[in-house]
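Remarks on the overall topology
Spelled out, the chains give:
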Amino acid sequence: MSRWVNLLALLPNTILTILVISIAFLRFYDQTDFTLLGYLAHPRIWSNRLTVAALLVAVVNLGVEWNRRNRETDRWARAEAQRIAEEQRRIIEEQRRIAEAERAARRARIQAERDLAFLNFLVDPSPHNGEVLMQVIALLAQYRQSLWDIPSLNGY
């Protein structure tokens, strides 16, 4: 399809060129230069008709070029919009990855703190280690509650 469109886009320019050459031929030469002009009764009238036709073809050519430019601009705008959308998708994915890494790091830090507090309490069941273990348990409860407050994790 695009081959035919490209071929048809050449047509106005070609016709315009042929018309301008014909107009010049009819205006500047006469029967003494070319015997072929003897077959035309009124070369000046034919020259005027071809001038009107050339103007009409020039307007058509302007329309064709305008359409080609609009299609090119539209194609460029769609490609730019697609590139921007892809960039936004990549940024969102990167933000999700960073947020997941932060959650994993926080989870690992809390688990390490829990394990350390529990081991300290098992090794030395003193009131101070019991208090530290209770603080860690409170932190775990708060962490569990914050997980339930995230809409994507609790089914909302």
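Just above sits the structure.
Cut-offs and rules
Residues numbered from 1 in each chain as written. Predicted model: local features only at pLDDT ≥ 70, side-chain atom pairs only at ≥ 80, totals over all residues. Heavy atoms only, no water. Helix = DSSP H or I, 4+ residues; strand = E, 2+ residues; numbered from the N terminus. Contact = heavy atoms within 4.5 Å. Salt bridge = Lys/Arg side-chain N within 4 Å of Asp/Glu carboxyl O. Expected span 1.5 Å × (residues − 1). Buried < 20%, exposed > 50% of the residue type's maximum accessible area, 1.4 Å probe, protein only.

Here's the deal with the side chain of Asn-61
Its place among the elements puts Asn-61 in helix α2 (residues 43-123). In this structure, Asn-61 is in contact with Pro-12 and Asn-13, ignoring residues within four places of it in sequence.

Comments concerning the environment of Arg-96
Looking at where Arg-96 falls in the secondary structure, it is placed in helix α2. For the pair formed by Arg-96 and Arg-114, sequence separation is 18 residues and the distance between their alpha carbons is 27 Å.

Some words on the pattern of salt bridges
According to the stated counting rule, one finds 9 salt bridges in the structure shown. With a closest N to O distance of 2.5 Å, Arg-89 and Glu-86 form a salt bridge. Placement of both Arg-89 and Glu-86 in helix α2 is noted, with a separation of 3 residues, approximately one turn of the helix. Close ionic contact of Arg-96 with Glu-93 constitutes a salt bridge, the shortest N to O distance being 3.8 Å. One end of the pair, Arg-96, and the other, Glu-93, are both in helix α2, 3 residues apart, so they sit about a helical turn from each other.

Section: helix α1 (residues 2-28)
Along its 27 residues, α1 runs 40 Å from first to last C-alpha, staying within 8% of the 39 Å computed at 1.5 Å per residue. Among the residues making up α1, those that are buried are Pro-12, Leu-19, Ile-23 and Leu-26. For α1, the elements touching its buried residues are α2.

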